[in-house]
Amino acid sequence: DQQVKQNSPSLSVQEGRISILNCDYTNSMFDYFLWYKKYPAEGPTFLISISSIKDKNEDGRFTVFLNKSAKHLSLHIVPSQPGDSAVYFCAAMGSGGGADGLTFGKGTHLIIQP
Amino acid sequence: DAGITQSPRHKVTETGTPVTLRCHQTENHRYMYWYRQDPGHGLRLIHYSYGVKDTDKGEVSDGYSVSRSKTEDFLLTLESATSSQTSVYFCATCPGPGNSPLHFGNGTRLTVT
């Protein structure tokens with residue numbers, strides 16, 4: 001049973017516009033959420049995270065929003081740039097603080113159109 | 001990234017042969033992980049380690065074993081490779097405990113023919 005869901009396999013956005021990637025989770029024990037970016041033939045790289053005690057975290061062009069009651073988080077990228085074209089994975093960590101790893105969604109392939 | 005080296009980067013092997021993948025880190029991180037990435041499945045945890053000689057199973061551990069005899073090395077072994085184990089394997093580390101991101105290596109692409 002999938003505990004972290006990314007329901008959009010792909011998303012196409014025009015350069016300069018906002019990209020919004022969505023993620024839902026089912027396990028209420030998750031208390032730390034992360035977004036990773038992955039280019040082909042490379043490992044995932046950490047992008048931004050949010051603790052369950054917050055509802056927003058911002059880092060430059062990237063903002064993550066968390067709605068605990070809806071068990072939903074989203075990643076906003078504004079403005080979108082060609083280098084943002086990649087696969088984005090949503091991930092969640094339990095109260096063990098990462099001792100038993102992260103649970104990942106299936107990923108969303110973001111394509112930035114010129 | 002974060003001083004993680006995976007070897008080999010690519011491997012082709014035949015069904016039934018044993019295969020060992022190596023992960024080496026220079027960050028002295030306590031926790032290490034093996035994930036596999038497959039189309040339509042994202043990244044799934046195979047095994048993890050929370051210290052030297054301390055390991056545990058992840059979501060998809062059947063057919064795999066691991067060993068960690070030194071802090072810096074985490075080995076993943078496929079005792080008898082099957083075609084279903086054709087995948088890209090990623091090693092990750094985390095300083096732990098606490099809410100810290102995992103850092104990933106660049107992966108090993110394994111093809112079992």
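See the structure shown above.
Overview of the structure. (Residues numbered from 1 in each chain as written. Chains lettered and ligands numbered in written order. Predicted model: local features only at pLDDT ≥ 70, side-chain atom pairs only at ≥ 80, totals over all residues. Heavy atoms only, no water.)

The next point concerns the nonpolar core. If you look at the biggest cluster of nonpolar residues, it comprises 23 residues, and the most contacted ones within it are Phe33(A), Trp35(A), Leu73(A), Leu75(A) and Tyr88(A). Put simply, the parts of the chain that give this core at least two residues each are strand E3 (19-25), strand E4 (32-38), strand E5 (45-51), strand E7 (62-67), strand E8 (72-77), strand E9 (86-93) and strand E11 (108-113) of chain A. A per-element tally of this core places E9(A) first, with four residues. When neighbours within four sequence positions are excluded, Phe33(A) is seen to be in contact with Tyr25(A), Ile48(A), Ser49(A), Ile50(A), Ser52(A), Leu66(A), Leu73(A), Ala91(A) and Ala92(A). In this structure, Tyr32(A), Phe89(A), Leu43(B) and Val88(B) belong to the second largest nonpolar core, which totals 20 residues. (Core = buried A, V, L, I, M, F, W, Y, C linked by side-chain atoms within 4.5 Å. Buried < 20%, exposed > 50% of the residue type's maximum accessible area, 1.4 Å probe, protein only. Helix = DSSP H or I, 4+ residues; strand = E, 2+ residues; numbered from the N terminus. Contact = heavy atoms within 4.5 Å.)

This part takes up the sheet that holds E7(A). Residue and element names in this part refer to chain A. On the basis of which strands lie adjacent, the open sheet formed by five strands has the order E1-E3-E8-E7-E6 and antiparallel pairing. In this open sheet, the two edge strands, each paired with only one partner strand, are strand E1 (4-5) and strand E6 (56-59). Pairing analysis gives six bridges linking E7 to E8, with the strands arranged antiparallel. The residue of E8 that forms the bridge with Leu-66 is Leu-73. (Pairing = 2+ DSSP bridges.)

Here the focus is the interface of chain B and chain A. Between chain B and chain A, the contact holds 22 residues from the first and 22 residues from the second. The interface formed by chain B and chain A contains zero salt bridges. For the interface between chain B and chain A, the tally reads four residue pairs in polar contact (both at pLDDT 80 or more). Contributing elements (two or more residues each) for the side of chain B that touches chain A: strand E4 (31-38) and strand E5 (42-51) of chain B. Here the side of chain B that touches chain A is composed, by residue class, of 11 nonpolar, nine polar and two charged. (Salt bridge = Lys/Arg side-chain N within 4 Å of Asp/Glu carboxyl O. Polar contact = N/O pair within 3.5 Å; in protein donor to acceptor, adjacent residues only side chain to side chain. Nonpolar A, V, L, I, M, F, W, Y, C, P; charged D, E, K, R; others polar.)

Read these as geometric descriptors, not functional statements.
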